[in-house]
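Here is how the chains run, residue by residue.
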Amino acid sequence: MLTVKDSQQQRLLHVNGFFTDKFLPETTVDALMEMYHAHFDDKNTSFYSTSFHPDLSLKQQVTREVLALLQPILDSKFADYKILGTSFLKKNPEENNPLPLHQDWTVTDEDKYGSFTIWIPLQDTTPYNGAIRVISGSHCVENNFRAPSLPVAFEQDRAKMDEYLTTLPLKKGEAFVFNQKLMHASWPNQSKEERIALTIGLVPKEADLFMLYYDAKNSMLHRYSMPDDLFLRYPEIIQQPTIG
């Protein structure tokens, strides 16, 4: 389990699977927005994650720049952790681009360690421009393996579960910290501006990382050991991993 220095936030992460926190000052958020536009210029992809950018060295450079700004804040809030990388998430304006209900991939022993994400919007978010939606406590529903090659365990019930989602409107620089097993989604961006958020992946320092791949032809589930900068390696692992 991730060690959170605030005991109330630690409890919320354990029970609800997430907490929100006033995380970044406005000046830091503005610097992050400038950083995104300095390095990335995608306009065509309705929902774009810089994790999928093909230039690994660029993503490593951007992660170093992000951590140069955020490391003291991270150290003040968490203990004994390691970073999996950072990425920016962009939703194009005036498009029907909701992110459907999902759980993030299994990347470590979740009974022993768990994996976690910090999601920080770089502008205020509402249901009108792509706010996060969650099912509180859903990280405890079942222990299932998750990977791009595996079917979604709750696919047949996904539509029925919409009524259980709660919207989390967040202010610019506020953080949504969550267990990657948590079921979550986001609204489409119907505003006239891009919705941009920063994400940071982290796990307990001692956690071993891996990626799963299901070979449907032979009905075999393979496990590939992964480097610590897993968040930056998505082009190499979205199908059968070419690393590990």
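Just so you know, these numbers come straight off a predicted model, no measurement behind them.

A. Region of the structure containing the overall build of the chain. Scanning the chain from terminus to terminus reveals 4 helices and 14 strands. Here the C-alpha atoms of the chain give a radius of gyration of 17 Å, agreeing with the 18 Å that 2.2 N^0.38 yields for 244 residues. Viewed in the frame of its principal axes, the chain has a C-alpha envelope of about 50 × 40 × 40 Å. Taking all 244 residues of the chain together, the buried fraction comes to 55%. When contacts within the chain are restricted to residue pairs at least 6 apart in sequence, those whose partners lie at least 24 apart make up 80%. Looking at the chain as shown, the accessible area adds up to about 11600 Å², and 50% of this sits on carbon and sulfur atoms. Positive and negative side-chain charges in the chain, numbering 24 and 32 respectively, have mean positions lying 2 Å apart.

B. Inspection of the sheet that holds strand β9 (residues 166-168) at higher detail. Spatial ordering of the open sheet is given by β6-β11-β8-β9, a layout of 4 strands whose pairing is antiparallel. The open sheet is flanked by β6 (99-102) and β9, the only strands paired with a single partner. Averaged over neighbouring strand pairs, the angle between their axes works out to 25° when direction is ignored. As defined by bridge partners, strand β8 (residues 132-134) adjoins strand β11 (residues 184-186) across 3 bridges and the pair is classed as antiparallel. When the bridges of β11 are listed, Ile-132 appears paired with Ser-186.

C. A look at the sheet that holds strand β3 (residues 47-49). Spatial strand order, β2-β10-β7-β12-β5-β3: 6 strands in an open sheet with antiparallel pairing. On the outer flanks of this sheet lie β2 (18-22) and β3, each paired with one strand and no other. On average, each strand axis in the sheet is tilted by 20° relative to the strand beside it, whichever way the strands run. Where β2 and strand β10 (residues 174-179) come together, 5 bridges link them in antiparallel fashion. Across the sheet, residue Phe-18 finds its bridge partner in β10, namely Phe-178. Sheet strands in contact with helix α1 (residues 7-15) are β2, β7 (116-121) and β10, and its direction is about 145° off that of β2. Across the sheet, helix α3 (residues 56-77) touches β2, β5 (81-91), β7 and β12 (195-204), and the angle it forms with β5 is around 120°.

D. Examining unusual backbone geometry more closely. The phi dihedral of Glu-94 falls on the positive side, at around 55°, and the residue is not glycine. Backbone geometry places Ser-219, a non-glycine residue, at a positive phi of 55°. You can see Ser-219 is positioned in the loop between β13 (210-215) and β14 (220-225).

E. Quick peek at helix α2 (residues 26-39). In this model, α2 (14 residues) spans 20 Å end to end at C-alpha, consistent with the 20 Å of a helix rising 1.5 Å per residue. Those residues of α2 that sit buried are Thr-28, Val-29, Leu-32, Met-35 and Tyr-36. Seen along its axis, α2 keeps its buried residues to an arc of 115°; they face one direction. Among the exposed residues of α2, those oriented more than 90 degrees off its buried face are Glu-26, Thr-27, Glu-34 and Ala-38. Where the residues of α2 are buried, they touch β3, α3, β5 and β12.

The rules behind these values
Residues numbered from 1 in each chain as written. Predicted model: local features only at pLDDT ≥ 70, side-chain atom pairs only at ≥ 80, totals over all residues. Heavy atoms only, no water. Helix = DSSP H or I, 4+ residues; strand = E, 2+ residues; numbered from the N terminus. Rg over C-alpha atoms; globule rule 2.2 N^0.38 Å. Buried < 20%, exposed > 50% of the residue type's maximum accessible area, 1.4 Å probe, protein only. Contact = heavy atoms within 4.5 Å. Areas by Shrake-Rupley, 256 points an atom, 1.4 Å probe, with all protein chains shown as cover. Lys, Arg positive; Asp, Glu negative; His and termini not counted. Charge placed at Lys NZ, Arg CZ, Asp CG, Glu CD. Pairing = 2+ DSSP bridges. Axes fitted to C-alpha atoms, helices over the stretch in contact; angles between N-to-C directions. Expected span 1.5 Å × (residues − 1). Arc of directions from axis to C-beta.

Geometry only, nothing functional implied.
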